[in-house]
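Summary of the model geometry
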Number of protein chains: 2
Amino acid sequence: MGKKNVKVIVFDAYGTLFDVHSVIQKCEELFPTRGQQISELWRTKQLEYAFIQHIIGRYRPFDEITKNSLRFACEQLGVALAENQEKELLRSYLTLSPYEEVPNALKKLANRYQLAILTNGTLNMIQPLVEYHHLNPYFSELMSVDDVKQYKPSPAAYAYALDRLQCEREDILFLSSNTWDITGASSFGFQTAWVNRKKVVFDRMGQQPDHIIYNLNELIRIV
Amino acid sequence: MGKKNVKVIVFDAYGTLFDVHSVIQKCEELFPTRGQQISELWRTKQLEYAFIQHIIGRYRPFDEITKNSLRFACEQLGVALAENQEKELLRSYLTLSPYEEVPNALKKLANRYQLAILTNGTLNMIQPLVEYHHLNPYFSELMSVDDVKQYKPSPAAYAYALDRLQCEREDILFLSSNTWDITGASSFGFQTAWVNRKKVVFDRMGQQPDHIIYNLNELIRIV
């Protein structure tokens, strides 16, 4: 960071800019006392489905995976999910809360760097979300792996961003809170900053983030 | 099952024939009150590491992944893991308990079918384990994905088994307790039987097992 060759900062969306567990409130409203449990299993399965569908060579878009993982979570937890409740929960994904510091941090960063998003989500998920929070002016590109049908952390997903941004891989600083995403981006050759929001330890898969920060304000301090 | 074209029954090992959580006892002995927590995080991360290393295109063998995921689990849980304790826990993977019905069920099945194992584990993990429990006479092949360096549930892993067994994919009945493994094998074109040991619901990734059983005795009843 602060290296003069950082030209573009690329952000992961879910878990990094937006709190996927902000759906707990809606889950809790619909299914009292079960909100957190549903939200956690939903997220765990959402990721697992993306990885497994990628590995078996049968990519399915993230909106479909998000629906199927919600259905699994409710079925597994013995919660009857009515059609209108399902719609409501899926709609809440389009208004997920950004982490507290995110809007101001993006505003400041956008003055000095080109900013972009690379997400496993589909464009019909990420565009409304970014627009809902009036964050779209800060980003030059909203990029979805759906365009190449290869999920992060596969090299093809990061290569797609590189191709779209038309720069060298060293020019990119990639930010994510998801350790598997940092592992993939780092393995691909991006500079990486891990936003360790949950204060956990990093994975042991042979890759390390170049920088560790706890929220985006720290990024501002460093760059 | 009972279809006359089943020639070979191929078993997954970890979670299907052998209980990975039989390490809890050893964990508990070394780290009182923390056994279950360590064992669960260890297994979760072991699978995650295998999938992610596969997706990023940096295969690492399962014995190394098993060591690294144990180290992660202990570090994350704030448990200081001494070198001799690590060795002891990794050694316990070579003597994991088979599920109760497994030895007798294999004995009966081996009279009527060719049996084989296809595992994500390395041969230096699976051979000693099978031999320790005197199960080796029942299997014609112990196959590790390490030979092709592509983890299950990737098509290449199942293709390797098919190649080794020199039969058609419809000739194979593949058994696993791991839903992602059934999803991969079914997607590849094997007949599948899901051993639903934990009585959970099946995943929603567009694939379904051909058969659902709760332990291997039920397999005998059906074939």
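Rules used throughout
- Residues numbered from 1 in each chain as written.
- Chains lettered and ligands numbered in written order.
- Predicted model: local features only at pLDDT ≥ 70, side-chain atom pairs only at ≥ 80, totals over all residues.
- Heavy atoms only, no water.
- Helix = DSSP H or I, 4+ residues; strand = E, 2+ residues; numbered from the N terminus.
- Contact = heavy atoms within 4.5 Å.
- Domains from an automatic or database assignment.
- Buried area = accessible area lost by both parts, 1.4 Å probe.
- Polar contact = N/O pair within 3.5 Å; in protein donor to acceptor, adjacent residues only side chain to side chain.
- Nonpolar A, V, L, I, M, F, W, Y, C, P; charged D, E, K, R; others polar.
- Pairing = 2+ DSSP bridges.
- Axes fitted to C-alpha atoms, helices over the stretch in contact; angles between N-to-C directions.
- Parallel < 35°, antiparallel > 145°, perpendicular 65-115°, else oblique.
- Left-handed = near helix turned anticlockwise from the far one by under 90°.
- Salt bridge = Lys/Arg side-chain N within 4 Å of Asp/Glu carboxyl O.
- Phe/Tyr/Trp six-rings, centres within 6.5 Å; stacked < 30°, edge-to-face > 60°.
- Buried < 20%, exposed > 50% of the residue type's maximum accessible area, 1.4 Å probe, protein only.
- Lys NZ or Arg CZ within 6 Å of the ring centre and 35° of its normal.
- Arc of directions from axis to C-beta.
- Least-squares fit on C-alpha atoms with pLDDT ≥ 70 in both.

**Observations regarding the environment of isoleucine 212 of chain A**
Residue and element names in this part refer to chain A.
- Counting through the fold element by element, isoleucine 212 comes out in strand β6 (residues 211-213).
- Separated by 19 residues in sequence, isoleucine 212 and alanine 193 place their C-alpha atoms 5.5 Å apart.
- Contact partners of isoleucine 212, with chain neighbours within four places excluded, come to Trp194 and Asn196.

**Description of the domain arrangement of chain A**
Residue and element names in this part refer to chain A.
- If you check the domain split of chain A, you get domain 1 (8-18 + 96-222) and domain 2 (20-92).
- Summarising the inter-unit geometry, the C-alpha centres of domain 1 and domain 2 are found 23 Å apart.
- Listed by partner, the interface residues are 20 residues for domain 1 and 16 residues for domain 2.
- Both sides together, the interface formed by domain 1 and domain 2 hides about 1500 Å², and carbon and sulfur atoms give 64% of it.
- Counting across the domain 1 and domain 2 interface gives nine residue pairs in polar contact (both at pLDDT 80 or more).
- Among the residues forming the side of domain 1 that touches domain 2, the class breakdown is eight nonpolar, nine polar and three charged.

**Side note on the sheet that holds strand β6 (residues 211-213) of chain B**
Residue and element names in this part refer to chain B.
- One open sheet accounts for six strands, arranged β3-β2-β1-β4-β5-β6; its pairing is parallel. The open sheet has two edge strands, β3 (141-144) and β6, and neither has a second partner. The mean inter-strand angle of the sheet, taken between neighbouring strand axes irrespective of direction, is 25°.
- Running over the sheet, helix α6 (residues 123-132) touches β2 (114-119) and β3 and is turned about 150° from β3.
- Relative to the sheet, helix α8 (residues 179-188) contacts β4 (172-176) and β5 (191-195), its axis offset from that of β5 by approximately 175°.

**Some remarks on the packing of helix α3 (residues 62-76) of chain B against helix α4 (residues 83-92) of chain B**
Residues and elements named next belong to chain B.
- With their axes 11 Å apart at the nearest point, α3 and α4 run at an angle of 125° to one another. When the axes of α3 and α4 are compared, the pair comes out oblique. Crossing of α3 over α4 shows right-handed handedness. Here α3 contributes Thr66, Lys67, Leu70 and Arg71 to the contact with α4, which in turn contributes Glu86, Leu89 and Leu90.
- When the residues that make up the contact of α3 with α4 are grouped by side-chain class, the tally is three nonpolar, one polar and three charged.

**Some words on the interface of chain A and chain B**
- Every contact between the two is made by 31 residues of chain A and, on the other side, 31 residues of chain B.
- Taken as a group, Ile55, Arg204 and Met205 of chain A account for 26% of the area that chain A buries against chain B, more than any other trio of residues on that side.
- Our count for the chain A to chain B interface comes out at four salt bridges.
- Between lysine 45 of chain B and aspartate 203 of chain A there is a salt bridge whose closest N-O contact spans 2.9 Å.
- Across the contact surface, chain A and chain B share twelve residue pairs in polar contact (both at pLDDT 80 or more).
- Among the secondary structure elements, those contributing two or more residues to the side of chain A that touches chain B are α2 (35-55), α3 (62-76) and α8 (179-188) of chain A.
- When grouped by side-chain class, the residues that make up the side of chain A that touches chain B number 14 nonpolar, ten polar and seven charged.

**Considering the packing of aromatic side chains**
- Counted under the stated rule, the structure contains 28 aromatic pairs over all chains.
- Relative to phenylalanine 139 of chain B, the ring of phenylalanine 11 of chain B lies with its centre 6.2 Å away and its plane at 80°, an arrangement referred to as edge-to-face. In this pair, phenylalanine 11 of chain B sits in strand β1 (residues 8-11) while phenylalanine 139 of chain B sits in the loop between α6 and β3, placing the two residues 128 residues apart along the sequence. Just as phenylalanine 11 of chain B is buried, phenylalanine 139 of chain B falls in that class too.
- The ring of tyrosine 99 of chain A has arginine 197 of chain A sitting right over it, with the charged end atom 3.9 Å from the ring centre.
- Positioned above the aromatic ring of tyrosine 214 of chain A is the side chain of lysine 199 of chain A, whose terminal nitrogen or guanidinium carbon lies 5.3 Å from the ring centre.

**Structural notes on helix α5 (residues 102-110) of chain B**
All names here are of chain B.
- Listed as buried for α5 are Val102, Ala105, Leu106 and Leu109. The buried residues of α5 all sit within an arc of 100° when viewed along its axis, so they share a single face. Turned more than 90 degrees away from the buried face of α5 sit Asn104 and Lys108, all of them exposed.
- On its buried face, α5 sits against β1, β2 and α9 (216-222).

**A look at the packing of helix α2 (residues 35-55) of chain B against α3 of chain B**
Residues and elements named next belong to chain B.
- Running from N to C, α2 and α3 cross one another at 130°; their axes reach a closest spacing of 8 Å. What the angle tells us is that α2 and α3 run oblique. As α2 packs across α3, the resulting crossing turns out to be right-handed. Two secondary-structure elements touch here, α2 through Ile38, Leu41, Trp42, Lys45, Gln46, Tyr49, Ala50 and Gln53 and α3 through Phe62, Ile65, Thr66, Asn68, Ser69, Leu70, Phe72, Ala73, Cys74 and Gln76.

**Quick look at the relation of the copies chain A and chain B**
- The transformation that overlays chain A on chain B combines an axial shift of 0.0 Å with a rotation of 180°, and the residual RMSD is 0.0 Å. What we have between these two chains is a two-fold relation.
- Take the interface residues of chain A: 100% of them recur as interface residues in chain B, which is what a same-surface contact looks like.

**Structural notes on the pairing of strand β3 (residues 141-144) of chain A**
- As defined by bridge partners, strand β2 (residues 114-119) of chain A adjoins β3 of chain A across four bridges and the pair is classed as parallel. For alanine 116 of chain A, the partnering residue across the bridge sits in β3 of chain A and is glutamate 141 of chain A.

**Here's the deal with the sheet that holds β2 of chain A**
All names here are of chain A.
- Spatially, six strands are ordered β3-β2-β1-β4-β5-β6 in an open sheet, and the strand pairing comes out parallel. With one partner strand each, in any of the chains shown, β3 and β6 form the two edges of the open sheet. Put simply, the sheet's adjacent strands are angled 25° from each other on average, direction ignored.
- The sheet contact formed by strand β1 (residues 8-11) and β2 spans four bridges and is parallel. Considered in β2, the bridge of phenylalanine 11 is made with isoleucine 117.
- Along the sheet, helix α6 (residues 123-132) contacts β2 and β3; its crossing angle with β3, the most-contacted strand, is approximately 150°.

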